[in-house]
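Each chain, written out:
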Amino acid sequence: MNADAEREDPSCDLSTWTIERLRSFAEDAQGRQLESVRVVAQGHAYRAGEPHEVRKQWAKLSLQANRRLQGDGPWDEARAVQQNFMLRTWVIDQVGPDYEDDDWSPEALASDTVTALAFTPAEALALADHWCGLAVEQIGELRRHKNLTAHLDRLVDHLQPGPVREQLLAWTETRQHLP
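Residues numbered from 1 in each chain as written. Predicted model: local features only at pLDDT ≥ 70, side-chain atom pairs only at ≥ 80, totals over all residues. Heavy atoms only, no water.

### Considering the layout of surface pockets
Part 1 of the argument: Approximately 160 Å³ is the volume found for the second largest pocket.
Part 2 of the argument: At the level of elements, helix 5 (74-95) and helix 8 (136-148) are the ones that each hand at least two residues to the lining of the second largest pocket. (1 Å grid on protein atoms, 1.4 Å probe; cavity = no way out; pocket = protein on both sides within 12 Å on 5 of 7 lines; lining within 4 Å. Points joined across faces, edges and corners; volume = space filled by probe spheres on them. Helix = DSSP H or I, 4+ residues; strand = E, 2+ residues; numbered from the N terminus.)

As structure tokens, then:
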């Protein structure tokens, strides 16, 4: 079966492919195919019996596919960023941090998280106090913030004391009040 036929064949089981074959396929994949690559690569990263470096390679492929999946809307972007944050946190927590690679560095992930958030914890909490009266767009923004901070409970334990860690700790408290 050639590559074009594989792209069109929905019965093709990507989970049986080698990382090299899946990486090559992902270069031209789009839409649902790229999402399938992301999910399959993430599944391989979660396999406990594999060596740590192999799991990181699979996770890296999942992140690369996820980055290419971004759509135009705020929800598309938030979905991609949230999935990125969750996988990176999982690798840091389960496989171990790697300070040579920003994808697996707790401090880099903490910085990326702070950058992705439009509100401070205090601003989000103030809005959350009367969220029922907010415009739909503002409620959506609070929901995105809640999703973008879902990984913090596991991440903060890997961070050195400092202002970024303190800000993220404040987010762990704030997110409990967000709609």
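### Focus: the packing of aromatic side chains
Part 1 of the argument: For the structure shown, the criterion picks out two aromatic pairs.
Part 2 of the argument: Arranged with centres 5.2 Å apart and planes meeting at 85°, the rings of tryptophan 17 and phenylalanine 25 form a pair that is edge-to-face.
Part 3 of the argument: Judged by relative accessible area, which is 5%, tryptophan 17 ranks as buried.
Part 4 of the argument: Residue placement shows arginine 144 over the ring face of tryptophan 75; its charged tip is 4.6 Å from the ring centre. (Phe/Tyr/Trp six-rings, centres within 6.5 Å; stacked < 30°, edge-to-face > 60°. Buried < 20%, exposed > 50% of the residue type's maximum accessible area, 1.4 Å probe, protein only. Lys NZ or Arg CZ within 6 Å of the ring centre and 35° of its normal.)

### As for the nonpolar core
One recurring pattern in soluble globular proteins: nonpolar side chains tend to sit buried together.
Part 1 of the argument: By size, the foremost hydrophobic cluster in this structure holds 44 residues, and its most contacted members are Leu22, Val37, Leu61, Leu168 and Trp171.
Part 2 of the argument: The element best represented in this core is helix 5, accounting for seven residues.
Part 3 of the argument: Residues within four places of leucine 168 in sequence aside, it is in contact with Ala110, Thr113, Val114, Leu152, Leu155, Val156 and Leu159. (Core = buried A, V, L, I, M, F, W, Y, C linked by side-chain atoms within 4.5 Å. Contact = heavy atoms within 4.5 Å.)

### Brief notes about the pattern of salt bridges
Part 1 of the argument: Applying the stated criterion to the full structure yields nine salt bridges.
Part 2 of the argument: The shortest N-O distance in the salt bridge between aspartate 101 and lysine 60 comes to 2.8 Å. Taken together, the residues span a long stretch of sequence, with aspartate 101 in the loop between helix 5 and helix 6 (106-116) and lysine 60 in helix 4 (residues 52-68) at a distance of 41 residues.
Part 3 of the argument: Residues joined by salt bridges that share partners form a network here, namely Lys60, Arg67, Asp101 and Asp103. (Salt bridge = Lys/Arg side-chain N within 4 Å of Asp/Glu carboxyl O.)

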